[in-house]
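# Overview (structure and organization)
Residue-level listing of the chains:
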Amino acid sequence: MRYFARPDAVDALDAPIIKKIFPRYRKVARGQLPAVFRISKGIKAEFDEGADIEVLWDMHEQLMRAFYETRRNIDSGQIKPEDLKIQERSLLDLKLLLVRRIMESCQLCERRCGVNRWAGELGVCRVGDRCLISSEFMHMGEEPYITPSHTIFFMGCSFKCQFCQNWEISQWYEEGTEIDGKSLARIIEGRKKEGARNVNFVGGEPTPQLFWIIESLKHCNENVAVVWNSNMYMAEKTMNILNGVADMYLSDFKYGNDDCALRLSKVKGYFGVCSRNHLIAAGQAELTVRHLVLPGHVECCTKPVLKWVAENIRDRCLVNLMDQYYPCWRAHLYPDINRRLAPAEFEEAVRFATESGLNFIR
Ligand code: SF4
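Residues numbered from 1 in each chain as written. Predicted model: local features only at pLDDT ≥ 70, side-chain atom pairs only at ≥ 80, totals over all residues.

This part covers the overall build of the chain. Looking only at helices and strands, the chain has 13 helices and 9 strands in total. In summary, the chain has a C-alpha radius of gyration of 20 Å against a globular reference of 21 Å for 362 residues, a match within 12%. Overall, the chain is about 55 × 50 × 40 Å in size when its C-alpha atoms are taken along their principal axes. For the chain, with 362 residues in total, the buried portion stands at 47%. Contacts in the chain between residues far apart in sequence, at least 24 positions, make up 76% of those at least 6 positions apart. (Helix = DSSP H or I, 4+ residues; strand = E, 2+ residues; numbered from the N terminus. Rg over C-alpha atoms; globule rule 2.2 N^0.38 Å. Buried ≥ 20, exposed ≤ 12 C-beta atoms within 10 Å, placed from the backbone. Contact = placed C-beta atoms within 7 Å.)

As structure tokens, this is what we get:
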């Protein structure tokens with residue numbers, strides 16, 4: 001079956017701005033280059049499952065050098081994509097083992113709960129030792145160059161956004177459906193054959209379910225671009241794991257200061273973590289920065305976020321300035337966000353983005 005995308009999605013990969021900012025993603029989406037997880041699968045790895053975690057990290061660093069070289073050679077045409085041989089044991093398997101180990105005292109995100117997920121202990125995200133999804137479908141309303149996007153909604157989240165539009169998923173008002181990595185791989189392959197430009201891992205937040213996401217890619221035989229759709233609160237080591245897994249980060253950069261983040265998403269140290277991870281993401285892969293303009297937060301959040309992006313990663317990302325906020329979940333408890341965005345607020349955000357010289361869509 002072929003899906004009819006939003007009309008502007010059809011030629012989106014040929015738009016000059018997309019060619020400039022997403023040169024690799026657009027080729028992966030068209031099957032002209034391998035997704036980075038497939039390159040990771042082509043890097044041979046020999047390791048002892050029981051080795052000390054520091055030994056495994058050293059090996060990861062070494063193998064990432066081989067990954068960079070292989071990617072460079074493939075992208076420059078020195079190695080043909082079809083000559084990339086999938087290894088029986090690869091860098092992707094090593095990443096899977098590292099995530100397994102991290103989850104023994106979970107530090108996947110900067111909550112750093114320290115719970116043993118394999119013993120069924122639950123941290124802030126309340127994701128334990130099983131992969132639970134809410135739904136998966138072909139999303140026709142994402143950014144035009146991403147659409148049609150095979151979107152997989154994972155249960156649970158490391159944030160507690162008081163205005164969450166997916167609160168049934170993020171805050172566990174649904175039970176979710178359990179799935180294993182192999183079954184997920186078959187679904188991803190099926191959606192790719194139906195015409196998906198990518199697989200889009202989202203939630204909630206995908207970070208707590210990273211183990212099963214990598215496991216699904218290990219078993220996935222299709223070449224599909226990976227979009228990591230996230231709150232960007234991952235630990236730095238998790239960012240290292242995602243290097244060679246994600247082709248594009250689709251980030252959610254909401255707050256321009258820690259106080260608003262603590263009050264509205266119950267999360268500490270937001271700006272430092274989120275900006276650090278945006279810098280890393282822009283160096284590793286391609287990056288779309290989503291910014292949802294919140295009512296009453298143009299001065300304290302929108303402008304500082306856009307200013308930071310302009311000063312640090314302006315030419316390495318495309319910003320999606322979003323005006324679709326509506327009060328949800330517990331927003332009624334916070335008078336500042338218990339209303340829709342005023343047109344003048346969005347116009348001011350657009351004016352500021354324009355003056356900052358950002359590449360942005362709206
Ligand atoms: S992924 Fe979940 S359990 Fe792990 S540190 Fe983050 S919130 Fe805590």
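Let us look at the site of the ligand. Inspection of the region around the ligand gives 15 residues, with Cys106, Cys109, Cys113, Gly123 and Cys125 positioned closest. The residue makeup of the shell around the ligand, split by class, is 9 nonpolar, 4 polar and 2 charged. (Near = placed C-beta within 6 Å. Nonpolar A, V, L, I, M, F, W, Y, C, P; charged D, E, K, R; others polar.)

Relative orientation of the contacting elements helix α12 (residues 298–312) and helix α13 (residues 343–355) amounts to 25°, with a least axis distance of 10 Å. Classed by the angle they form, the pair α12 and α13 counts as roughly parallel. In this structure, the crossing between α12 and α13 has a hand that is right-handed. The segment α12 lies against α13, with Val298, Thr302, Lys303 and Leu306 engaging Glu345, Glu348, Ala349, Phe352 and Ala353. (Axes fitted to C-alpha atoms, helices over the stretch in contact; angles between N-to-C directions. Parallel < 35°, antiparallel > 145°, perpendicular 65-115°, else oblique. Left-handed = near helix turned anticlockwise from the far one by under 90°.)

If you look at the biggest cluster of nonpolar residues, it comprises 107 residues, and the most contacted ones within it are Ala225, Val226, Val227, Val245, Met248 and Val319. Counting residues domain by domain, this core receives three or more from each of domain 1 (23–121 + 128–252) and domain 2 (253–265 + 287–362). With residues near it in sequence (within four places) discarded, Ala225 still touches Tyr25, Val28, Ala29, Ala35, Arg197, Asn198, Asp247 and Met248. (Core = buried A, V, L, I, M, F, W, Y, C linked by C-beta atoms within 7 Å. Domains from an automatic or database assignment.)

What follows is about the environment of Ala246. Relative to the assigned elements, Ala246 resides in the loop between α9 (236–242) and β6 (248–252). Along the primary structure Ala246 and Cys274 are separated by 28 residues, whereas in three dimensions their C-alpha atoms are 17 Å apart. What Ala246 contacts, discounting residues up to four positions off in sequence, is Val226, Trp228 and Ala285.

This part takes up unusual backbone geometry. Cis geometry is adopted by the peptide bond preceding Pro148, which originates at Thr147 and carries an omega value of -5°. Structurally, Pro148 can be placed in the loop between β1 (132–139) and β2 (149–154). The step from Gly203 to Gly204 runs through a cis peptide bond, and the omega angle for that step is 20°. Within the fold, Gly204 resides in the loop between β4 (198–202) and α8 (210–219). With phi around 65°, Met232 is a residue other than glycine that occupies positive phi space. Relative to the helices and strands, Met232 is located in the loop between β5 (225–230) and α9.

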